[in-house]
Amino acid sequence: MLGERLERCRIDERGVPGDRAYALVDVETGTVATAKVPRRWGALLGFSARCVGEPNGEPPPVEITFPDGSVHHSDDEDIDAALSAAIGREVRLTATPPEGAAFEEVWPDIDGLAPEAVIAGTRVRDEDTGEPVSRFDLAAMAPQPAFFDLAVLHVITTATLRRLRELAPGATFDERRYRPNVVLDGGAADGGADFVENGWVGREIAFAGGATATVSIPTMRCVMTTLAQGDLPRDPDTLRTVAKHNRVEIPGLGTWACAGAYADVTSPGELAVGAPYQVR
């Protein structure tokens, strides 16, 4: 679902408290629902969710706005039925990742997204379009159990977004497509690279509020960035541009289309919009 913008928050080793505290689980398959398979779950991007109150260890109640404008809550007795009816598939809302939690991801017909060996080795079925669908374990680089795709913190710079707009002026490179936890202003002066986050692997981001995070790998991009969401139109060129201009070799994982970076939080602290940061 679409998320919420925060002016300030704390982060710790599990990321932003409340981030991905809940998920929808497909009752038929047991997989975690994600618009990474648009034909089945693209409707999720018509919903938005926000925490009600501050998360303080336990998953907070969540307010969910449905595509028709109606507002529901995670603790409503009929929330599973309401979500299932709106999505058209039986789901249950849960704050507890199921054992062996996994998600599926479709590979659109765009060259260079991921290593062919990875796609072939994780393929579980094909869409009616012939596009392969892979299955991956959740939270492979995060404290488990959790509902993260991979890692607890995802950052992207305005420099990278600006460079993508230069490369494809007709596409819509809006930060919301990339679903980052943190958008870092600037970054272009760091070595003059087109995609500065590529050079941050192993380096530490130090935030003014005391938090630190160590960059682990560049963020591999997927079909999610192309989908219509909020007031953003469907735009496959956003992903084609990344795949054409920033394919990154990730040690042990092969070459992927990337923009942004994943990071592990190494010291807790506060983040605030407009506060300075350093990459060191």
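Just so it is clear, the structure is predicted and the values come from calculations on it, not from any experiment.

A. Local environment of the overall build of the protein chain. Looking only at helices and strands, the protein chain has five helices and 17 strands in total. Since a compact globule built from 280 residues should have a radius of gyration of about 19 Å, the 18 Å found for the protein chain is in line with a globular shape. Oriented by its inertia axes, the alpha-carbon framework of the protein chain measures out at about 55 × 45 × 35 Å. Each of the 280 residues in the protein chain was classed as buried or not, and the buried ones make up 47%.

B. Examining the nonpolar core more closely. In this structure, Ile-11 and Leu-153 are the most contacted members of the largest nonpolar core, which totals 58 residues. The element contributing the most residues to this core is strand E15 (residues 254-267), with eight residues. Leu-153 has contacts with Ile-11, Val-16, Asn-181, Val-182, Ala-213, Ala-261, Tyr-262, Ala-263 and Val-265, leaving out every residue within four places of it along the chain. If you look at the next biggest cluster of nonpolar residues, it comprises 23 residues, including Ile-79, Val-106, Cys-222 and Met-224.

C. Structural view of the sheet that holds strand E9 (residues 132-137). If you trace the three strands from one edge of the open sheet to the other, you get E7-E9-E8, paired in antiparallel fashion. Two strands lie at the open edges of the sheet, namely strand E7 (102-106) and strand E8 (123-126), each paired on one side alone. Going from strand to strand, the sheet's axes swing by 30° on average, the running direction of each strand aside. In this structure, E8 lies alongside E9, joined through three bridges in antiparallel fashion. Note that in E9 the partner of Asp-126 across the bridge is Pro-132.

D. Representation of the pattern of salt bridges. Applying the stated criterion to the full structure yields 18 salt bridges. Glu-104 is the partner of Arg-135 in a salt bridge, and the nearest nitrogen-oxygen pair spans 2.6 Å. One end of the pair, Arg-135, is in strand E9; the other, Glu-104, is in strand E7, and 31 residues separate them in sequence. The partner of Asp-231 in a salt bridge is Arg-176, and the shortest N-O contact between them spans 2.9 Å. One end of the pair, Asp-231, is in the loop between strand E13 (212-220) and helix H5 (237-245); the other, Arg-176, is in the loop between helix H4 (158-167) and strand E11 (182-184), and 55 residues separate them in sequence.

E. Expanded view of the packing of aromatic side chains. Counted according to the given criterion, the structure contains four aromatic pairs. Look at Phe-103 and Phe-136: their rings are 5.9 Å apart centre to centre, the planes differ by 35°, and that puts the pair in the tilted class. Taken together, the residues Phe-103 in strand E7 and Phe-136 in strand E9 connect sequence positions 33 residues apart. Both residues of the pair, Phe-103 and Phe-136, count as buried. Where Trp-107 meets Phe-136, the ring centres are 6.5 Å apart and the plane angle is 80°; that geometry is what we call edge-to-face. Separated by 29 residues along the polypeptide, Trp-107 in the loop between E7 and helix H3 (116-122) and Phe-136 in strand E9 bring together distant segments of the chain. Per residue, the accessibility class of Trp-107 equals that of Phe-136, and both read buried.

F. H4, seen in detail. The set of residues buried in H4 consists of Thr-158, Ala-159, Thr-160, Leu-161 and Leu-164. Of the surrounding secondary structure, the elements contacted by the buried residues of H4 are strand E10 (153-157), E11, H5 and E15.

G. Broad picture of the environment of Leu-138. Structurally, the position occupied by Leu-138 is in the loop between E9 and E10. The class for Leu-138 is buried, based on a relative accessible area of 6%. Distance from Leu-138 to Gly-30, taken between C-alpha atoms, is 13 Å for residues 108 residues apart in sequence. Once you skip the residues sitting within four places of it in the chain, Leu-138 turns out to touch Val-32, Ala-101, Ala-102, Phe-103, Gln-144, Ala-146, Phe-147, Phe-148 and Asp-149.

H. Just the state of the cysteines, in detail. Within the structure shown, the criterion is met by zero disulfides. Between Cys-51, a cysteine without a disulfide, and Cys-9, which holds the nearest cysteine sulfur, the sulfur-to-sulfur distance is 11 Å. In this structure Cys-258 is a free cysteine whose sulfur lies 12 Å from that of Cys-222, the closest cysteine sulfur available. Judged by its relative accessible area of 0%, Cys-258 falls in the buried class.

What counts, and where the lines are drawn
- Residues numbered from 1 in each chain as written.
- Predicted model: local features only at pLDDT ≥ 70, side-chain atom pairs only at ≥ 80, totals over all residues.
- Heavy atoms only, no water.
- Helix = DSSP H or I, 4+ residues; strand = E, 2+ residues; numbered from the N terminus.
- Rg over C-alpha atoms; globule rule 2.2 N^0.38 Å.
- Buried < 20%, exposed > 50% of the residue type's maximum accessible area, 1.4 Å probe, protein only.
- Core = buried A, V, L, I, M, F, W, Y, C linked by side-chain atoms within 4.5 Å.
- Contact = heavy atoms within 4.5 Å.
- Pairing = 2+ DSSP bridges.
- Axes fitted to C-alpha atoms, helices over the stretch in contact; angles between N-to-C directions.
- Salt bridge = Lys/Arg side-chain N within 4 Å of Asp/Glu carboxyl O.
- Phe/Tyr/Trp six-rings, centres within 6.5 Å; stacked < 30°, edge-to-face > 60°.
- Disulfide = S-S within 2.5 Å.

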